[in-house]
Each structure stands twice: as C-alpha cells, then as structure tokens.
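Notes for the structure review
This is what each chain is made of:
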Amino acid sequence: MTGFCLDGVRVLDLTRVLAGPFCTALLGDLGAEVIKIETLQGDDYRHLPPFDGDTGGLFHLLNRGKRSVALDLRDDRGRQILRDLARKSDVLVENFRPGVMAEMGLGPELLSADNPRLVNVSISGFGIDSPMGNLPAYDLVIQALTGFMSVSGDPDGPPMMTGESVADLTAGLYASWSVLAALLARERTGLGQHVEVAMFDCLFSFLPAALAQHLYGTKAPTRVGNRHPLGAPFGVFAARDAHFTIAVLNPRQFAKLAAAMEQPELATDPRFCDNSARNDNHAPLKAVIEAWSADRQVAEIIATLQAHDVPCSAIASVAEAAAGAQVTGRGLLRQIEDRQRQTATTMAQPMRFSAMPRPATASAPRLGSDGAEVLCGSSGHERPQIADLRNAVAFWLPPIPEPRKPRKGQPMHDCLLSDDQRMIRDSARAFARDRLAPSAAERDRTKPFPRAEMAELGALGFLGMLVPEEWGGVAADHLSYVIAVEEISAADASIGAMMALHNGLVSTPLRTRGTEAQKEQWLRPLATGRMNGAFGLTEPEAGSNAFAIRTRAVRVDGGWRLSGAKQFMSNGKSADIAIVFAAVQSDDPERRITAFWCPPDPRAIRRCGSRTRWVLALPRPVRSCSTRSSWRTIRFWVRPAMATRWR
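Counting restarts for each chain, with residues numbered from 1 along the sequence as it is written. In view of the model being predicted, local features appear only for residues whose pLDDT reaches at least 70, and side-chain atom pairs are presented and counted only at 80 or more, with totals across whole chains, interfaces and linings using the full set of residues. Processing note: side-chain calculations cover all non-hydrogen atoms of the structure and skip hydrogens and water entirely.

**Observations concerning the sheet that holds strand S11 (residues 312–314)**
Formally: Strands pair, by our definition, only if DSSP identifies at least two bridges between them. Starting at the N terminus, helices and strands are each numbered in turn, a helix being any DSSP run of H or I of at least four residues and a strand any DSSP run of E of at least two. Here an angle of 0 to 180 degrees is reported between the N-to-C directions of two axes, which are lines fitted to C-alpha atoms, with helices fitted over the stretch in contact.
What the 3 strands build is an open sheet, ordered S9-S10-S11; its pairing is antiparallel. A single partner strand is all that each edge strand has here, and the edge strands are strand S9 (234–238) and S11. Here the strands of the sheet are splayed against their neighbours by 25° on average, with no regard to which way each runs.

**Re the environment of alanine 144**
Mapping alanine 144 onto the fold places it in helix H6 (residues 139–146). Separated by 56 residues in sequence, alanine 144 and phenylalanine 200 have C-alpha atoms that sit 9.9 Å apart.

**Observations regarding the packing of helix H23 (residues 493–513) against helix H24 (residues 516–527)**
Note the threshold: The scheme is simple: roughly parallel for angles under 35 degrees, roughly antiparallel for over 145, roughly perpendicular for 65 to 115, oblique for anything else. Working rule for handedness: look at the near helix, and if it is turned counterclockwise from the far one by less than a right angle, call the crossing left-handed; if clockwise, right-handed. Whether two residues are in contact is decided by their heavy atoms: any pair within 4.5 Å suffices. The nonpolar class holds Ala, Val, Leu, Ile, Met, Phe, Trp, Tyr, Cys and Pro. Asp, Glu, Lys and Arg form the charged class, and all remaining residues, Gly among them, are polar.
Closest axis-to-axis distance for the H23/H24 pair is 10 Å, and the angle between their directions is 155°. Here H23 lies roughly antiparallel to H24, going by the angle between them. Where H23 crosses over H24, the handedness of that crossing is left-handed. The residues of H24 that touch H23, namely those facing His502, Val506, Ser507, Leu510 and Arg511, are Gln518, Lys519, Trp522, Leu523 and Leu526. Across the contact of H23 with H24, the residue classes tally to 5 nonpolar, 3 polar and 2 charged.

**Considering the sheet that holds strand S6 (residues 91–94)**
Taken in spatial order, the 6 strands of this open sheet run S5-S2-S1-S6-S7-S8, and their pairing is parallel. Every other strand in the sheet has two partners, leaving strand S5 (67–70) and strand S8 (194–198) as the edge strands with one partner each. Strand-to-strand twist in this sheet, taken as the mean axis angle between neighbours without regard to direction, amounts to 20°. Inspection of the sheet shows strand S7 (residues 119–124) paired to S8 by 5 bridges, in the parallel sense. Opposite serine 124, over in S8, you have alanine 198 as the bridge partner.

**What to know about H23**
Our working rule: In a helix, the anticipated span is given by 1.5 Å times the number of residues less one. What we call the bend at a residue is the angle made by axes fitted to the seven residues finishing there and the seven residues starting there. Buried residues are those whose accessible area, probed at 1.4 Å on protein chains only, stays under 20% of the maximum for their type, while exposed residues exceed 50% and partly exposed ones sit between those limits.
The terminal C-alpha atoms of H23, which comprises 21 residues, lie 29 Å apart, in line with the 30 Å expected from a rise of 1.5 Å per residue. Along H23, the sharpest change in direction is near 40° and occurs at serine 507; proline proline 509 comes one to four residues later. Every buried residue belonging to H23 is among Ile495, Gly496, Met498, Met499, Leu501, His502, Asn503, Val506, Ser507, Thr508, Pro509 and Leu510, and all of these are buried.

**A few points about the pattern of salt bridges**
Which entries qualify depends on this criterion: Criterion for a salt bridge: a side-chain nitrogen of Lys or Arg within 4 Å of a carboxyl oxygen of Asp or Glu.
Summed over the entire model, instances satisfying the criterion amount to 21 salt bridges. Taking the shortest distance from any N to any O, the salt bridge between aspartate 84 and arginine 87 comes out at 2.6 Å. Here aspartate 84 pairs with arginine 87, and both are found in helix H3 (residues 76–87), just 3 residues apart, close to one helical turn. Among the ionic pairs, aspartate 90 bridges to arginine 186, the shortest N-O distance being 3.1 Å.

**Quick word on the nonpolar core**
Put simply, the test is: The definition of a nonpolar core used throughout is a set of buried Ala, Val, Leu, Ile, Met, Phe, Trp, Tyr and Cys residues joined through side-chain atoms within 4.5 Å.
Formed by 32 residues in total, the largest nonpolar core has its most connected members in Val11, Val91, Val121, Ile123 and Val197. Secondary-structure elements contributing two or more residues to this core are helix H1 (19–29), S6, S7, helix H7 (166–189), S8 and helix H8 (199–204). In terms of residue count, H7 provides more of this core than any other element does, 7 residues in total. Contacts of valine 197, omitting those with residues within four sequence positions, involve Val121, Ser122, Ile123, Ser124, Ala171, Ala175, Ser178 and Cys202.

**What about unusual backbone geometry?**
Note that the residue after proline 49, namely proline 50, is joined by a cis bond; omega there is 5°. Note that proline 50 resides in the loop between strand S2 (33–38) and strand S3 (51–52). Proline 233 follows alanine 232 through a cis peptide bond whose omega is -5°. Structurally, proline 233 can be placed in the loop between helix H9 (208–216) and S9.

**Examining the confidence of the model for the protein chain**
As a reminder of what qualifies: The score called pLDDT rates the predictor's confidence residue by residue, from a low of 0 to a high of 100.
When pLDDT is averaged along the protein chain, the result is 78; 77% of the residues meet or exceed 70. The secondary-structure element of the protein chain with the lowest mean pLDDT is strand S22 (residues 637–638), recorded at 33, while S6 shows the highest, at 97. When the criterion is pLDDT under 50, residues 378–413 qualifies, and its contacts beyond four places in sequence or with other chains add up to 70 contacts. Confidence over residues 602–647 falls short of pLDDT 50; this stretch has 137 contacts with residues more than four positions distant or in other chains.

**Observations concerning the packing of H1 against H7**
It is the contact of H1 with H7, at a shortest axis distance of 7 Å, that shows an interaxial angle of 45°. The angle between H1 and H7 falls in the class oblique. Crossing geometry of H1 relative to H7 is assigned as right-handed. Of the residues in H7, those in contact with Ala19, Phe22, Cys23, Leu26 and Leu27 of H1 are Asp168, Leu169, Ala171, Gly172, Leu173, Ala175, Ser176, Val179 and Leu180.

**Some details on the side chain of threonine 55**
Mapped onto the elements, threonine 55 comes out in strand S4 (residues 55–56). Judged by its relative accessible area of 12%, threonine 55 falls in the buried class. Among all residues touching threonine 55, those that are not within four sequence positions of it are Arg46, Pro50 and His60.

**Quick word on the packing of aromatic side chains**
Under the convention used in this document: A pair of Phe, Tyr and Trp rings is counted when the ring centres sit within 6.5 Å of each other, with Trp represented by its six-membered ring. The angle between the planes then sorts it: under 30 degrees is stacked, over 60 is edge-to-face, the rest tilted.
Across all of its chains, the model carries 6 aromatic pairs by this definition. An angle of 10° between the planes, with centres 6.2 Å apart, marks the rings of phenylalanine 200 and phenylalanine 204 as stacked. Taken together, the residues span about one helical turn, with phenylalanine 200 and phenylalanine 204 both in helix H8 at a distance of 4 residues. For the ring pair phenylalanine 237 and phenylalanine 244, a centre distance of 6.1 Å and an interplane angle of 35° mean the geometry is tilted. Grouping aromatic residues by their ring pairs yields a cluster made of Phe126, Phe200 and Phe204.

This is how it looks when you write it as structure tokens:
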C-alpha cells in the first residue's frame, strides 16, 4: 500500500447541515485534512436530536475525523484569518446562499487571486445564475421541484418524499467527485478553479427512468408504488408473515421464477412472455405471485428463490441491516474512541482501494477544539501575543466586552492589573461562567475526569500559560496564571486544581528540566490540552517527603527499570503522561532524585485508599528482567532520553 489517496491535501470546510459536510467527510475518508470552520454557535446539526451526549448524532456521523475552528466571519479579523488559511489550503467547500461569500469579501475571485491553486466549491440549492434566484432550498423543496416526488408513492396516494435526504446526499456526492476531478486537472495545469454544485441539478440527473418515459415513451411518468416503472415483476410482494422483494427484468430470470414457483407454464403465457407484456399485466402477475407466497413465510420464500438464482430479498429494518453480516463483515460501522475517550459508533469509508489502507475513522470534533493548533501551528500563523489574546478567544467564546473603568468600591488590586492581565481574567471568568458553572455540581457528584473541559482549556491557551511560545504556550506572567486559576477554581474547584497541577507540577518541570527532545515530544501537547499529565510523588510510607521515597531507578540494558510503590495525585488513571520521581545511585546528594516522564498504562492503575489517589502497577516490565510482582509495584521501562535530572 502507498498511503491515502489524498494525503497532504488540506480542505477548508465552511459547510453546515448535510450536503457539504457529507462531501467533506468523503474527502476526509480518503486522507484529506479537513478543517471545519464553524460559527461560534456551531453547525446546526450539533443541536439536532437524537443526541450523543450534548452533540447531535447526525453531526457525529457527517463530521467524522474533522478538526474544528470556531471563527466569526462577520469580524474583520475572522475573515482575514480565513483568507490566510485559504492561502495554505488546496480545497475550500462552502454552502452559503449564492453571493454571500462575495459580500463578506471571500468570493472565489479574491481567494483564487490569493491562491491560484485553490479548488473552490460552492454548493447551493439552484446555482449562482439560477432563474430561481436565492430562494431557500431544503431537500424537500428540491425533491418537489425536480419531479422526484411526483414519481414516488402509491398510484392513488399523494406524492411521497424519500426516507432519506436524497437531494442533499446527491449534491454532496457530486461535490466530492468534482473536487477530485478539479485536483486532477490542477496536476496538469497548475491552477485550481471554481466549481458550482446545485442540488436541483444533481437530483434532476438522478431521474433516468422517469426522463426515459418522458422523452421517449408514450405515457407520462407517474407514481407506481413499490415497483419498477419499466419492468415486472420488480417490486414488493406479500408473504404470510411479512413482505419481500423480487427483482426480475429479463426472460431468463422470469423462467427461473416460474420454475421456483412450480409453474413453468408462466414463462410461455402470452401475458407474461416478455418484459413489456409483464409490465402491462403487472396486476394479474402480482396476484399469481402472491397466491403462491400467501401461505409461505418470508424465510422459506427467500430460500426457495435463491436456490433457483432469482434476485430477491427479505426487507430488513435499519437495525437489522446494521447488525447484519454484510455491514459487520465489510466494516461499514466502526466502534471508535472519541476525544473524551468515550466509545462511539460512526460510518466508515465504503470504498476499498488496493493501494490505500482503510482509514482509521476518527470522531467528530468538539466545537473549536482545534483552533489553537490550526491557527497557531499548522496554518503558519504566529501564536498571538498576550495583547492579542482577546481576538483569539473570540474564535471559541463569545466576544469579551472591553474592560470597564474602575468603579467605586472596586478592589484595589483590580485597578493595578495590566490590560493583558485584565483581559485574561475576563476570558477565564467568561469560560468559567458559561462552560464550567452550569455542570459543576454534576461533575462534583459523579467525579469524572474532566477531559473535555481540559481540552477546551488547552485550546484557549490556559494550560500553556507558563510555556514559551515556541513550545505551543502563550508565555504569560505568573500573576496572569494565578488570576486564571483563581477564576476557574471559583466555578469548579476540581478543574481549577487540575489546571494548577497541569501547569505547575507537570508542564513546569518539563519546561525547566526537560531535554529538547522531551519538550518536542510532550510539552506542546501538554500546553495545548491534547495530553493530560499526572504527578506521582507520594508513597504510602514516605508521604510527601521526596528524600524518603523508596522507588528506585536502575539502568538496565540501555534503559531504566523503576521499582517501588507510588501513588498519583488526582488524575493518574486518566493521564497520558506521568512524572514519576525515583532515587538513583549518585554521590551527589542534590542529584539523588530524578524525574522520569512515563506514559502510564491506564489498565494498570488501580484504585487505592483515598478517592483521589491511584497506584500504578504493572505485573512485569516490557522487557522482563525480574520475576518479582506486586500490585503496588511500578515496573516498566524508560529510555535514557526520557529521563531528566531533578535538582
């Protein structure tokens, strides 16, 4: 295998609801990096039931594997950042009404001038130069106007919409196809182009049978119910216990059906001798078939017909199909672990490529969760200075009002804060009030590890306040850090404590004592909230006296073996990395304690005593060099490059 088809392709996804997100999900399945640009309120489908947690299930399925940046495109800086991102992207997909992007100063001409290689795709209901103008276009409207509904439903009933949003899905499928074609053309010409996708046009192209009747037949296409309009028997039939389908279009198949029914004479009956005759005599043919099937169960009918090689099937429910052998055997639904380490189910890429591995489907993103990394890392932007943090926060939180002048009775220290410190205080206060306070009581009752909240704190820069900008932090002063912890703790003391532990006990030792390789590997993920840390200092016998600890580190075969009893503060069971202190042999008293950064195995951390303490226990090292085993014993391997001295 040679990798994913769209490796290295960056897609900016400005779409919402269904057609556009379906298009970009398909591109992401092929390996493209998809950055979803959302409003500060998020995609409409985030708020549409049924819900998985606090997010709509449709959003989860259609935005799998994407990254989210919440950006206010009504703001000049928001639009400028989008232009900067578009300069470094390959594809931009949007589904605003025609003309809206141009009104915001983000039209295809301007974006193409910034980046001539950009493939710009616009999805709308009727197209840019449509006689329908800018009328609102939802799936149902398109089904009605294209004639799709006029040929769907029972002959004597009203026009019928389909059970799925076929107009949206058709447009999304065509849009993804157009992106691939435009990227191929770019390889030849070096230039991108603007692609226009209209839902009406796409769904109208999905009417070949109806158009064949209209253009070449003698009768206008009409509703025919649960059967094919041009062939028979091709539809739904009744059995004793349920319904089933038969799909026969040619004489050979019909002869097999007649034989299966033990009525071979039907194949030569003038009413049924060819497809046109069978279609004209559909009603008597259906009566013959249902007379045979009326006293039989579906399972028996399907077994008989399949034995005679007749195309047929039982009619499965969605639940039956999802649990069936085809879906499970082909891996069309996948169990994944989302970013909060909760199990979720999502759709998988249905195509299989001989030279491309099947993608490891990822979960949908939380709103704005990737903003810091995208805008300040891979996008090429420099991390905003503290004075500019107000604008950056506006991408993930509602804009923070300008600081007011000191009021009578205002605390003296508040008057002495700098603009930067006051802005950080207001940012932390807004996050604590709007995000943490509403659910603080529930978290205090259930005591889960606040992974989602920590990720948001990281995206906003609060977990990297003391970290230099070169390692993904914001390089704030210590007073700003204390102010932020105070505001967060006022709403949720446990999360405030986690924030203090993360900054003060995990990131700071790594920042001050870690090697460059360690910082490169761990400091940036810690500063941006993509990794959570634990601090393992205490021992049952030693308490907090570091010089009384009994955990020992011994060099063995180029690595370190740690053995001893160690308890982790607060979040050991949920940590991605832990700082473990151990004694090493040294003649220098100041160098007898060493800090090791270790990736703990959560399965090996067991609850011990206090509700907030955990003991890391592995039964044997990765490379076995001892048979001694105890549930209170740390025994794992750490490469020399992963160890740093603690003075």
